[in-house]
Structure formats: C-alpha cells, structure tokens
Amino acid sequence: MLFRQLYEPESSTYTYLIGCEETGECVLIDPVLEAAERDLTVVQELDLRLAMTIETHIHADHVSSAARLRSLTGCKVAYPAMEGLACADIGIKEGEPVAVGSLSLRPLFTPGHTDTHHSYLLEQGGQARVFTGDALLIDGCGRTDFQNGSADILRRPNASESGPCRSIMKPKAAR
Ligand SMILES: [Fe+2]
C-alpha cells in the first residue's frame, strides 16, 4: 500500500492518498480545490492512477477539488449517499465497502459534525487506519452547530471497530 498525508494550510485540511501497489489505483480522501494540481503531481510521482475522490462530508470551510480532479483525470466522485448529490458518481453507505484496487475502505456512519458524515476504515497488514474527517480532530471534533449537525447524535469513529488490528486515527488538524 502507498499512503501519503497531504496538508492544505488555508483550511487546515489533511487530504489522504491511498494507493494500491498491485493495480496502481489510488483514491484521495477530502481533497481541496487549491491543492488539486499539487495532489495530482503526487499521484503521478507515485506512478498511480486516480480512480476516485471520496468525501467524508460536504465541507463548509473549503471547496472540494473533486469536480476539478474528475475533469482532469476522469476519476469518479464519491460522497455519502445520504447527501443525495446529483454531481456524485458513487453514493457511499455504511456496510458497503469501497474497493481501491486490492484494498478496501469500510465506510462508518459518524454523524454529529453533519448529519451525513462518514469516516473510513482501512485495514491492511495488521494495521487499521481510520480517516475521521471532522468527526474527530486533533484534540477535539468538528463543530456541531450547523450543517444539520448535533452533539446529541455525535458518533466518533471507534478504533475498536477494526477488530484485532492496531488502529491509527487519521484526523483533520485542529483549527
Ligand atoms: Fe467539516
């Protein structure tokens, strides 16, 4: 597996690149518009093909580069299905894994920051990584007072959902 953590300083967003070395496919989780070219350069340097962008939720603090990357590369655009977005090629649901070559991302429904927020669990080689979006930040969580968020329904990603694997949370940076 190829893995990169990419940082966009204006919105303090971490974008994650996950690549399958067997097939050359990769995905970007929560890519940022201003960093689209930078991210594509990383994809090309790793000799990967961008198969899909995946969002944890609709972002209020930055614009996703999903549409731009789709126009540049032909990749698919995936959002939580609950958003009902006409622009999405793929609707993501808990219980329906997303394949990245030979790798598999498990969507976890983690509402609270927004009412459709999903995190993604990746188990590989005895390790689990959880890409938490704004459901879990470094030293906090995303605000719950708009975008249909609610502290009452907050469900943070649970490392124990990865079973016996050693888990590493991959949160967004705190602002
Ligand atoms: Fe957010």
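Being a predicted model, the structure only gives us computed values, none of them experimental.

Q: Can you help me understand the overall build of the protein in this one?
A: A count of helical and extended segments in the protein gives 2 helices and 11 strands. Across the 175 residues in the protein, those meeting the buried criterion constitute 41%. In the protein, the share of contacts with a sequence separation of at least 24, taken over all contacts with a separation of at least 6, comes to 57%.

Q: Sorry if this is basic, but what is going on with the sheet that holds strand E4 (residues 49–54) here?
A: Hydrogen bonding along the main chain pairs the strands of a sheet, whether they run parallel or antiparallel. Reading across from one edge, E1-E2-E3-E4-E5-E6 is the order of the 6 strands in this open sheet, with mixed pairing throughout. A single partner strand is all that each edge strand has here, and the edge strands are strand E1 (2–8) and strand E6 (90–92). Across the sheet, the mean angle separating the axes of adjacent strands is 25° when strand polarity is ignored. Direction of pairing for strand E5 (residues 76–80) relative to E6: parallel, over a ladder of 3 bridges. Looking at E6, one finds that Pro-80 is bridged to Ile-92. Against the sheet, helix H2 (residues 66–73) engages E4 and E5, with an angle of about 155° to E4.

Q: Sorry if this is basic, but what is going on with the nonpolar core here?
A: It is characteristic of soluble globular proteins that their nonpolar side chains tend to be buried jointly. Ranked by internal contacts, the top residues of the largest apolar core, which has 32 residues, are Cys-26, Val-27, Leu-50 and Val-100. The contact partners of Val-27, leaving out residues within four places of it in the chain, are Ile-18, Ala-51, Met-52, Thr-53, Ile-54 and Val-100.

Q: Is there a simple way to explain the pairing of E1 in this structure?
A: Side-chain direction in a regular strand flips from residue to residue, so the side chains alternate between the two faces of the sheet. Where E1 and strand E2 (residues 13–19) come together, 7 bridges link them in antiparallel fashion. Looking at E2, one finds that Leu-6 is bridged to Thr-15. Where E1 folds back on E2, the antiparallel hairpin that results is connected by 4 residues, among which Ser-12 adopts a positive phi of roughly 55°.

Q: Could you clarify how one ought to interpret unusual backbone geometry in this entry?
A: In terms of backbone geometry, most residues other than glycine have negative phi values and most peptide bonds are trans. For Ser-12, which is not glycine, the phi torsion reads 55° and is therefore positive. Along the polypeptide, Ser-12 turns up in the loop between E1 and E2. Within the chain, Gln-147 stands out as a residue other than glycine whose phi angle is a positive 55°. Assignment of secondary structure puts Gln-147 in the loop between strand E10 (127–131) and strand E11 (166–170). Residue Gln-147 is classed as partly exposed on the basis of its 17 C-beta neighbours within 10 Å.

Q: Where do I start with helix H1 (residues 36–45) in this structure?
A: A turn of α-helix holds 3.6 residues, and therefore any two residues three or four places apart point the same way. Of the residues making up H1, those classed as buried are Ala-36, Asp-39 and Val-43. End-on view of H1: buried residues confined to an arc of 70°, all on one side of the axis. Residues of H1 that are exposed and point over 90 degrees away from its buried face: Glu-37, Thr-41, Gln-44 and Glu-45. Looking at the buried positions of H1, the neighbouring elements they touch are E1, E2, strand E3 (25–29), E4 and H2.

The rules behind these values
- Residues numbered from 1 in each chain as written.
- Predicted model: local features only at pLDDT ≥ 70, side-chain atom pairs only at ≥ 80, totals over all residues.
- Helix = DSSP H or I, 4+ residues; strand = E, 2+ residues; numbered from the N terminus.
- Buried ≥ 20, exposed ≤ 12 C-beta atoms within 10 Å, placed from the backbone.
- Contact = placed C-beta atoms within 7 Å.
- Pairing = 2+ DSSP bridges.
- Axes fitted to C-alpha atoms, helices over the stretch in contact; angles between N-to-C directions.
- Core = buried A, V, L, I, M, F, W, Y, C linked by C-beta atoms within 7 Å.
- Arc of directions from axis to C-beta.

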